Amino acid sequence: MSRELTAIVIVGGGTAGWMAAASMAHYLRGKPVTITLIESSAIGTVGVGEATLPGIRNFNASLGIDELEFIRATQATFKLGIEFKDWHRLGESFMHPFSGAGVNLSGVGFHHHYNRARQQGLDIGSYDDYCFSAQMAKQNRFAQPQVPPVNALADYKYAFHFDAIAYANFLKQRAVSQGVQAIDAKVVDVGLHSDDGSIQHVTLDTGLQIAGDFFIDCSGFRGLLIEQALQTGYDDWSHWLPVDSAVAVATSPSASPTPYTRTTARTGGWQWRIPLQRRVGNGYVYCSQWLSDDQAREDLLSNLDAAPVSTPKTLKFTTGKRRKFWHKNCVALGLASGFLEPLESTSIALIQTGLSRLLQFFPVNGVVPEEVDEANRLFSLEMERIRDFLILHYYASKRDDGEIWRYCRTMSIPDTLQKKIALFRSRGHLINFELESFDNNSWLAIYNGFRFEPKLYDLAADQLPIPLLEKQLNGMRESIQQGASGAMSHAAFIAKHCAVSLA
Ligand SMILES: Cc1cc2nc3c(=O)[nH]c(=O)nc-3n(C[C@H](O)[C@H](O)[C@H](O)COP(=O)(O)OP(=O)(O)OC[C@H]3O[C@@H](n4cnc5c(N)ncnc54)[C@H](O)[C@@H]3O)c2cc1C
């Protein structure tokens, strides 16, 4: 297939569609390419997706977006990580911060020293005590990291909690001002080329036909182009990630919003709490095989910190991924490309990496099959790595009070994850496969949070005399406590720098 690319058509105007439009308008400026986005206000968007990963800052910066303007436009708050409450066992909690813990000593990774100290029975506190951003988060404080960091302990990143609908609107304004044509109509048919089966045009409910050389499917779970028209196929991963439903509701804002997402494990799944400036997003993610929609709704409503300000909305999904992210002259982004469940806030980040991949292999002079194969290989690997990371959270839980926990504890897991766990358990080894979205720091946070205790540690750690090790560990904890308690409260930081105006 070699058609010169002059017209891009994006179907869908949710977060994925407008991120794609803003990105294409930015990178294709000055080129003779038209960009048309079709969205349907009658269908609407999923309307959830409020917690992000630090990469969102790079995405915004790459488009020249001012961070404070973005925060005000999307009523964002800051996110230093995720608190996992009651996940390992009821009554326990730990943080997955966007940073590492401790510093290497004598060239040996901190976690080996931590493990050695634990085995020696030293009073070393929790793993979170060695993490500056986790301590700031626990104290409801926030400071932007200094670049470069003042010391290795103060090296951390942050992301945002934001209103996804407001973000899409914010990007829409930019994209339209840069020449993207927006059409509000429903796509009712997809026309294919008779020679190679690629997409020729879409037909709207107004009768209009919109032709294009390249199509980006951002139509959400339905995958209007990639699945319904091109029948690309779906890898269903619900045997590993069995949640298939969520009920979401907003509550009134908190005077003291946390600079972290809270996820609380419950009998039938888990509940999220995501504070924005003007409301708090809440939801319960569960598996409908073991919990009815009515019961989930009731459980959510009886476990809120504040009064609901919206009507609960139930959403259904199948965890997994599209077999190909790129098929013929169509790329799928966002929910149209798959959904792994929202536990680690990976969906919006995946839209971003999908866009980077599209740009990397952009079909300026027509689609090159080898490039498409490579883009699909990378997409699959990325999804599989995240899948494994998510499975770990369920598999490692010791909860026994619901079918979902009993099922996940004993399910067979992918070989790639099995290998990682075995190597960590033996000696704290961390292995990275190609295209990991979560780095060693993240894996360590989860392993430690679920109390995986390696039998051995790196022998080189023994070179550090125990009294010196104890002194170093105490020093790290003290310095972190001191630094964290010197930061402003999260609420005060927002009020000072980026509060949404009440007008
Ligand atoms: C319960 C839940 C919680 C989530 N939480 C997070 C989170 O915390 N962090 C995160 O990163 N992600 C999260 N996500 C994922 C996130 O919501 C999505 O990745 C993101 O919103 C992108 O959605 P989308 O644009 O792909 O799809 P949608 O928002 O569904 O948008 C689809 C678009 O396609 C249009 N459309 C559909 N059919 C037609 C048609 N026939 N004609 C014309 N237009 C059409 C719709 O009108 C809409 O504009 C969550 C998802 C769920 C289900």
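Here the structure is a predicted model, which means the values were calculated and not measured.

Trainee: I'd love a proper account of the site of the ligand, names of residues and values included.
Mentor: With respect to spatial proximity, 35 residues lie near the ligand, and among them Gly13, Val48, Ala51, Val187 and Ile348 are the closest. Taking Val46, its main chain carries an N or O atom lying 3.0 Å from an oxygen atom of the ligand. Here an oxygen atom of the ligand sits 3.5 Å away from a polar atom, N or O, in the main chain of Cys218. Contributions of two or more residues to the shell around the ligand are made by α1 (15-27) and α9 (347-360). Take the shell around the ligand: its biggest share by element is three residues, from α9. Tallied by class, the residues present in the shell around the ligand amount to 18 nonpolar, 13 polar and four charged. Mapping the shell around the ligand onto the domain boundaries places at least three of its residues in each of domain 1 (7-50 + 163-236 + 323-367) and domain 2 (245-316).

Trainee: So what's going on with the pairing of strand β1 (residues 7-11)? Residues and values would help.
Mentor: In the case of a regular strand, side chains alternate between the two sheet surfaces. Of all five residues making up β1, five are buried, and the element is well covered by its neighbours. Where burial is concerned, the two faces of β1 agree: the one with Ala7, Val9 and Val11 and the one with Ile8 and Ile10 are both buried. Bridge analysis of β1 against strand β2 (residues 34-39) gives five bridges, and the strand direction is parallel. Across the sheet, the residue bridging to Ala7 is Thr34, located in β2. In this view, the connection linking β1 to its parallel neighbour β2 by way of α1 has right-handed handedness. Bridging between β1 and strand β12 (residues 214-217) involves four bridges; their strand directions are parallel. Of the residues in β12, the one forming a bridge with Ile8 is Phe214.

Trainee: Residues and numbers for unusual backbone geometry, please.
Mentor: That bond from Val147 to Pro148 is cis: its omega, -5°, falls within 30 degrees of zero. Although it is not a glycine, Gln231 adopts a positive phi angle of roughly 45°. Topologically, Gln231 is positioned in the loop between α7 (224-229) and β13 (234-236). When its relative accessible area of 62% is taken as the criterion, Gln231 is described as exposed. One non-glycine residue with positive phi stands out, namely Leu435, at about 70°. With respect to the helices and strands, Leu435 occurs in the loop between α12 (415-427) and α13 (440-449).

What counts as what
Residues numbered from 1 in each chain as written. Predicted model: local features only at pLDDT ≥ 70, side-chain atom pairs only at ≥ 80, totals over all residues. Heavy atoms only, no water. Near = heavy atom within 4 Å. Polar contact = N/O pair within 3.5 Å; in protein donor to acceptor, adjacent residues only side chain to side chain. Helix = DSSP H or I, 4+ residues; strand = E, 2+ residues; numbered from the N terminus. Nonpolar A, V, L, I, M, F, W, Y, C, P; charged D, E, K, R; others polar. Domains from an automatic or database assignment. Buried < 20%, exposed > 50% of the residue type's maximum accessible area, 1.4 Å probe, protein only. Pairing = 2+ DSSP bridges. Right-handed = clockwise from strand over helix to strand, strands pointing away.

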